[in-house]
Amino acid sequence: MMQARLRESCLRPRGSRSGASRRALLALGLASLALPNLVPTAFAQRSGLLTLRATFGERGPEIREELIWRVYSVRGTDAQLVQQSAEIRPNFSLPPGEYAVHASHGLATAIRSVTVTEIGTAAVIPINAGALVVSGHIGGPERPMPPARQALRLFIPTANNSEGRLVTNVLRPGAVLRLPEGTYHLVSTYTGTNSVVRSDVKIETGKVTEAAVNHRAATMTLKLVRAIGGAALAGTQWTIETPGGDIVAEAAGAFPNVDIAEGAYTVTARHNDREYKGQMKVEGGVNRDFEIIVE
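Summing up its helical and strand segments, the chain has one helix and 21 strands in all. Counting every position in the chain, which comprises 295 residues, the buried fraction comes to 36%. For the chain, restricting intrachain contacts to residue pairs at least 6 apart in sequence, the fraction spanning at least 24 positions comes to 56%. Surface accessibility of the chain: about 17600 Å² in total, with carbon and sulfur atoms responsible for 53%.

As structure tokens, this is what we get:
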């Protein structure tokens, strides 16, 4: 009997401790059940830093203005835009993986594939880009053309087109246009006249090409008079034609001003139901009066 009671008294303390142990094990078990859910979250939050900069060509200086960056995730043949920036040296925090980086400098662009790792990736994107600045003159550099009177169009030459494929028709005189390296066809029009100048311009990587377009044109003041140097007759209608018969300008009045390209023209003046003709020669940059005498 004494032995039995001793065993019973020894078992009771162990029974009291087992409750606490069960509670501890239960808490540990609950924590262990939560661990599998935490692991994917930790992996999803992993990222690497992609640092970018651009240069003029493979060996040129760094480009420090007018950059737009776009980063695309690449999975097989699919690409999806994930981030973009207009900073000169952007930093993108991205999950590790394969990406395509698109950099644009004006109309010039470049694209490169990069692999982003957890330790970070730095990439230099070379862009074969230069720039074009256009100015205009009338008859010579001493007579700058008013910018509002110069319309510019830029083309890429093609084999089956004398002008080529249009690049832009909104280029403004004096403005800097960033372009891919290459040869372009420039068309400058002196608006309000028949003066059109065509030229080829070459754009080189890292350089600014300055194209000065000289329009051989002048302002002619038309007069119908009864004697040389006499008073102009009011109510006169004017037509100016090329030697081939193409009308290049029309005007009305006693002494209208007409801006016109250098060349030879036939001028017709109509007054009181009669027509008077004259041959007019225009020299670039030489503004003068042109008189037709009533006979």
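Turning next to the sheet that holds strand S11 (residues 177–180). Pairing is mixed in the open sheet, where three strands are placed in the order S11-S8-S14. Both edges of this open sheet fall to S11 and strand S14 (208–215), since each of them pairs with a single strand only. Across the sheet, the mean angle separating the axes of adjacent strands is 35° when strand polarity is ignored. For strand S8 (residues 129–138) and S11, the ladder comprises four bridges, and the chain directions are antiparallel. Considered in S11, the bridge of Leu132 is made with Leu177.

What follows covers the sheet that holds strand S2 (residues 68–75). Strand order in the open sheet formed by four strands is S3-S2-S5-S6, with antiparallel pairing between adjacent strands. Across the chains shown, the open sheet's two edge strands, defined by having one partner strand only, are strand S3 (78–85) and strand S6 (108–116). Direction aside, the axes of adjacent strands within the sheet are offset by 25° on average. Judged from the nine bridges that link them, strand S5 (residues 97–105) and S6 form a sheet pairing that is antiparallel. In the strand pairing of S6, Ser104 is matched with Thr109.

Only one face of S14 is buried: it carries Thr209, Ala211, Val213 and His215, and the other face, with Val208, Glu210, Ala212 and Asn214, is open. Bridge analysis of S8 against S14 gives eight bridges, and the strand direction is parallel. Bridge pairing links Leu132 to Thr209 in S14.

Next up on the list: the environment of Gly57. Positionally, Gly57 belongs in the loop between strand S1 (48–56) and S2. Residues Gly57 and Ile125, spaced 68 residues apart in sequence, show a C-alpha to C-alpha distance of 8.4 Å. Once residues within four sequence positions are removed from consideration, Gly57 is found in contact with Pro126, Ile127, Asn128 and Thr205.

With that settled, the discussion passes to unusual backbone geometry. In terms of backbone geometry, most residues other than glycine have negative phi values and most peptide bonds are trans. You will see that Asn272, though not glycine, has its phi angle at about 50°, which is positive. Tracing the sequence through the fold places Asn272 in the loop between strand S19 (263–271) and strand S20 (274–282). The class for Asn272 is exposed, based on a relative accessible area of 62%. The phi torsion at Asp273 lies on the positive side, around 65°, for a residue other than glycine.

Looking now at the pattern of salt bridges. Throughout the structure, instances matching the rule amount to 11 salt bridges. With its nearest N and O atoms 3.3 Å apart, the salt bridge here joins Glu62 to Arg64. On the basis of relative accessible area, Glu62 is assigned to the buried category, the value being 14%. Since its relative accessible area comes to 61%, Arg64 is described here as exposed. A salt bridge links Lys207 to Glu204, with the shortest nitrogen-to-oxygen separation between them at 3.6 Å. Judged by its relative accessible area of 46%, Lys207 falls in the partly exposed class. Via salt bridges that share partners, Glu62, Arg64 and Arg89 belong to a single interconnected network.

The subject of this paragraph is the environment of Leu177. On the secondary structure map, Leu177 appears in strand S11. Each C-alpha atom of the pair Leu177 and Ala131 lies 5.4 Å from the other, and the pair is 46 residues apart in sequence. For Leu177, the residues in contact, after removing those within four places along its chain, are Leu107, Gly130, Ala131, Leu132, Leu154, Thr168 and Leu171.

Attention shifts here to the confidence of the model for the chain. For residues with low pLDDT, the predicted coordinates do not support detailed interpretation. Of the residues in the chain, 84% reach a pLDDT of 70 or more, and the chain-wide mean stands at 86. Strand S16 (residues 237–241) holds the highest mean pLDDT among the elements of the chain, 98, whereas helix H1 (residues 2–44) holds the lowest, 39. Here residues 1–44 is modelled with pLDDT under 50, and outside its nearest four sequence neighbours on either side it reaches zero contacts, counting other chains as well.

Criteria and thresholds
- Each chain has its residues counted from 1, following the order in which its sequence is written.
- Owing to the predicted nature of the model, reporting of local features is limited to residues with pLDDT of at least 70; listing and counting of side-chain atom pairs is limited to 80 or more, with chain, interface and lining totals taken over all residues.
- Side-chain metrics rest on all non-hydrogen atoms present in the structure, leaving aside hydrogens and water.
- The helix and strand labels rest on DSSP assignments: H or I over at least four residues marks a helix, E over at least two residues marks a strand, and numbering proceeds from the N terminus.
- Here the term buried applies to any residue with accessible area under 20% of the maximum for its type, exposed to any over 50%, and partly exposed to those in between, with areas from a 1.4 Å probe on protein chains only.
- In what follows, residue pairs with any heavy atoms lying within 4.5 Å of each other are defined as contacts.
- Accessible surface is estimated by sampling points in the Shrake-Rupley manner with a 1.4 Å probe; for residues, cover comes only from the protein chains shown.
- Strand pairing is assigned whenever DSSP identifies at least 2 bridges connecting the two strands.
- Angular values range over 0 to 180 degrees, each being the angle between N-to-C directions of two axes fitted as lines to C-alpha atoms, with helices fitted over their stretch in contact.
- Whenever Lys or Arg places a side-chain nitrogen within 4 Å of a carboxyl oxygen from Asp or Glu, that contact is recorded as a salt bridge.
- pLDDT is a per-residue confidence score from the predictor, ranging from 0 to 100.

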